[in-house]
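So the chains spell out like this:
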Amino acid sequence: MAERTMPGALILGASSGIGAALARELARQGYRLALVARNEAALTALTNEINGEHAGPPQARSYPCDVRVFDDAPDLFQRINEGMDGALRVVAYVAGIMPSGKAGAWTFEEERTMIETNLLGAMRWLDLAAESFSRAGEGVIVGVSSVAGDRGRRGNSAYMASKAGLSTYLESLRYRLRGTGVRVITIKPGYVATPMTADLKLPQALTITPERAAKRIVQAAKKNSGVVYVPSYWAPIMWGIRQLPAAAIARLPI
């Protein structure tokens, strides 16, 4: 496939976990990739890996950037878009952090960093994608939220709040872009074995690999608009949790 005919995808938070798995999956399906993350070494390694798997022009390009540096986003988005020669079709926001905290407590600085990374960074970058795609009359915006945002529970309250905020923002964006040709997809994964969750004791029966999550995200990006739980069995699980009275939620261990 000639480079000019390859559709383009921008992945924010591409250096590890679901983001890296999504980059590999999209590369296998013939996408040109713009990969953004703050971990330059990991991002470079992933870019070299993807480009080393095929002959011809580079399929992936890396753009080291911290999504919390909001003022850098417009110029970098424009540079990426121009580098795709008008072929940018997918923007996926996968960037997210979840500090483990100490003794179940998080400092304000940790909480602020979660909100800035998980929510405000998404708003900054996806607003840019929405503006660009609405002008073009096509495009797919993917935001990776979490089942953690469906209901407040004890535990990492700032993380849950950031994901709840992201889900609501994406819902609003979906309404705003209705009729423009732009689709907005909210991905809500459950337990995924990533570096972010490495310190947690996840239930093995409900935990999936980043690769499985990435395949489902790509499937959703091709046809869906709305909310997609990953895997799908989380939809009825979270429906049940949302129906629980506050007294029952208060007794949940997490």
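Since we're looking at a predicted model, the values are computed, not measured.

J.: Would you mind showing me how to read the pairing of strand S5 (residues 139-144) here?
T.: The side chains of a regular strand alternate, first on one face of the sheet and then on the other. Burial within S5 is extensive, with six of its six residues counted as buried. In S5, alternate side chains face the same way, and those of Gly139, Ile141 and Gly143 on one face and Val140, Val142 and Val144 on the other are all buried. By the bridge criterion, four bridges tie strand S4 (residues 88-93) to S5 in an arrangement that is parallel. What sits directly across from alanine 92, in S5, is valine 142. In this sheet, strand S6 (residues 182-189) lies alongside S5 in parallel orientation, the contact comprising six bridges. Along S6, the bridge assignment pairs valine 140 with arginine 183. In this fold, S5 hands off to helix H5 (residues 157-176), which returns the chain to S6; that crossover is right-handed.

J.: Teacher, can you tell me more about helix H6 (residues 210-223) here?
T.: Two residues of an α-helix separated by three or four positions point the same way, owing to the 3.6 residues in each turn. For H6, spanning 14 residues, the distance from its first C-alpha to its last is 21 Å, which sits close to the expected 20 Å at 1.5 Å a residue. For H6, the set of buried residues is Pro210, Ala213, Ala214, Ile217, Val218, Ala220 and Ala221. The buried residues of H6 occupy an angular sector of 165 degrees when the element is viewed end-on, so they sit on one face. Turned more than 90 degrees off the buried face of H6, the exposed positions are Lys222 and Lys223.

J.: I keep staring at the pattern of salt bridges and nothing clicks. Help me out?
T.: Two side chains carrying opposite charge are able to pair once their charged atoms lie near each other. With the rule as written, the count across this model stands at eleven salt bridges. In this structure, arginine 135 and glutamate 131 form a salt bridge, with 3.2 Å as the shortest nitrogen-oxygen distance. With arginine 135 and glutamate 131 both in helix H4 (residues 108-136) and four residues apart, the pair spans about one turn of that helix. Arginine 135 sits in the exposed class, given a relative accessible area of 61%.

J.: Where do I start with the packing of H4 against H5 in this structure?
T.: Packed helices, taken two at a time, are described by the angle their axes make and the gap between the axes. Running from N to C, H4 and H5 point in directions that differ by 15 degrees, and their axes come no closer than 8 Å. Here H4 lies roughly parallel to H5, going by the angle between them. Taken as a pair, H4 and H5 cross one another with a handedness that is right-handed. Each of Glu111, Met114, Ile115, Asn118, Leu119, Ala122, Met123, Leu126, Asp127 and Ala130 in H4 lies in contact with H5, whose residues at this interface are Ser157, Ala158, Tyr159, Ser162, Lys163, Gly165, Leu166, Tyr169, Leu170, Leu173 and Arg176.

J.: Quick question: what am I supposed to make of the sheet that holds strand S3 (residues 60-64) here?
T.: Sheet strands line up and pair through hydrogen bonds in the backbone, either parallel or antiparallel. The sheet built from seven strands is open, its strands ordered S3-S2-S1-S4-S5-S6-S9 with parallel pairing. The open sheet has two edge strands, S3 and strand S9 (226-230), and neither has a second partner. Looking at each pair of strands side by side, their axes are set apart by 20 degrees on average, direction ignored. With five bridges connecting them, strand S1 (residues 8-12) and S4 associate as parallel partners. The residue bridging leucine 10 from the neighbouring strand is valine 91, located in S4.

J.: Can you walk me through the packing of aromatic side chains in this structure?
T.: We describe a pair of aromatic rings using the distance from one ring centre to the other and the angle between the two ring planes. Throughout the structure, instances matching the rule amount to three aromatic pairs. Consider the rings of tyrosine 191 and tryptophan 234, whose centres lie 5.3 Å apart with planes at 80 degrees: the pair is edge-to-face. In this pair, tyrosine 191 is assigned in strand S7 (residues 191-192) and tryptophan 234 in helix H7 (residues 234-243), connecting sequence segments 43 residues apart. Since its relative accessible area comes to 23%, tyrosine 191 is described here as partly exposed. Taking the centre distance of 6.2 Å and the plane angle of 40 degrees together, the rings of tyrosine 233 and tryptophan 234 count as tilted. On the accessibility criterion, tyrosine 233 (29% relative accessible area) is partly exposed. You can call tryptophan 234 buried: its relative accessible area is 4%.

J.: For this particular structure, what's the right way to read the packing of helix H3 (residues 73-83) against H4?
T.: The interhelical angle for the contact between H3 and H4, taken along N-to-C directions, is 45 degrees, at an axis separation of 10 Å. Classified by the interaxial angle, the pair formed by H3 and H4 is oblique. Pair H3 / H4 crosses with right-handed handedness. Contact residues: H3 offers Ala73, Pro74, Leu76, Phe77 and Asn81, while H4 offers Arg124, Trp125, Leu128, Ala129 and Ser132.

Reading guide: rules and limits
Residues numbered from 1 in each chain as written. Predicted model: local features only at pLDDT ≥ 70, side-chain atom pairs only at ≥ 80, totals over all residues. Heavy atoms only, no water. Buried < 20%, exposed > 50% of the residue type's maximum accessible area, 1.4 Å probe, protein only. Helix = DSSP H or I, 4+ residues; strand = E, 2+ residues; numbered from the N terminus. Pairing = 2+ DSSP bridges. Right-handed = clockwise from strand over helix to strand, strands pointing away. Expected span 1.5 Å × (residues − 1). Arc of directions from axis to C-beta. Salt bridge = Lys/Arg side-chain N within 4 Å of Asp/Glu carboxyl O. Axes fitted to C-alpha atoms, helices over the stretch in contact; angles between N-to-C directions. Parallel < 35°, antiparallel > 145°, perpendicular 65-115°, else oblique. Left-handed = near helix turned anticlockwise from the far one by under 90°. Contact = heavy atoms within 4.5 Å. Phe/Tyr/Trp six-rings, centres within 6.5 Å; stacked < 30°, edge-to-face > 60°.

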